[in-house]
Amino acid sequence: MGPVRLILWAAAAFAALWLLRSILRIVRGGLTVDRWNDLKARNALVVDVRTSGEFAGGAAPGSLNIPLDQLPHRLEELPKDRPLVLCCATGSRSQYAKLFLERSGFPEVHNAGPWRACR
C-alpha cells in the first residue's frame, strides 16, 4: 500500500470515527454550550444518577445524587417546575433516567451525558 493510499485510508477512518462519535452524542445525550447556559440561566437542577460511591469520587457542583435504581422511589425530591439535567458516567444511565422521568410526567428533562459536562 502506497503512502497516498495509506493517508486516504487514515482520513476515511478518522471521518468514520468522528461521525460515530457525533451519532453517539445525539443518542446518548449531550448539550451544546449554548443549551447548557440556557438551562443554567433557567435554574435547571442537575441530577446525577450514578451510585453514591461514584458520586463521592467527584460530581458537578450543586448536583443532586439519586442513583438510577432509587429514582422510582425518590420522584418527590424532583421539581416539575424547572428543567432537569441528568448525568452519569457515560450518558447511558442518564438516558434511561430521562425516559423514565418523561414517562412519569416531568415536562422538561435533558440528558447531559457524562457528569463532567455539567461543570
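Just so you know, these numbers come straight off a predicted model, no measurement behind them.

Draft legend 1. Looking closely at the sheet that holds strand S2 (residues 64-65). Reading across from one edge, S2-S1-S3-S4 is the order of the four strands in this open sheet, with parallel pairing throughout. With one partner strand each, in any of the chains shown, S2 and strand S4 (109-114) form the two edges of the open sheet. The pairing of strand S3 (residues 84-88) with S4 spans five bridges and is parallel. Across the sheet, Leu84 pairs through a bridge with Val109, a residue of S4.

Draft legend 2. Here's a closer look at the pairing of strand S1 (residues 45-48). Here S1 shows no split at all, with Leu45 and Val47 on one side and Val46 and Asp48 on the other all buried. In this structure, S1 lies alongside S3, joined through four bridges in parallel fashion. For Leu45, the partnering residue across the bridge sits in S3 and is Leu84. Bridge analysis of S1 against S2 gives two bridges, and the strand direction is parallel. Each residue of the ladder has a partner; that of Asp48, found in S2, is Asn65.

Draft legend 3. Geometry of the pattern of salt bridges. Scanning all chains against the criterion turns up eight salt bridges. Of the charged contacts in the structure, one is a salt bridge between Arg42 and Asp38, with a shortest N-O distance of 3.4 Å. Accessibility expressed as a relative area gives 36% for Arg42, which makes it partly exposed. The residue Lys98 makes a salt bridge to Glu102 at a minimum N-O spacing of 2.6 Å. Note that Lys98 and Glu102 are positioned in helix H4 (residues 92-103) at a spacing of four residues, about one turn of the helix. In this structure Lys98 comes out as buried when scored by relative accessible area, which is 18%.

Cut-offs used in this document
- Residues numbered from 1 in each chain as written.
- Predicted model: local features only at pLDDT ≥ 70, side-chain atom pairs only at ≥ 80, totals over all residues.
- Heavy atoms only, no water.
- Pairing = 2+ DSSP bridges.
- Helix = DSSP H or I, 4+ residues; strand = E, 2+ residues; numbered from the N terminus.
- Buried < 20%, exposed > 50% of the residue type's maximum accessible area, 1.4 Å probe, protein only.
- Salt bridge = Lys/Arg side-chain N within 4 Å of Asp/Glu carboxyl O.

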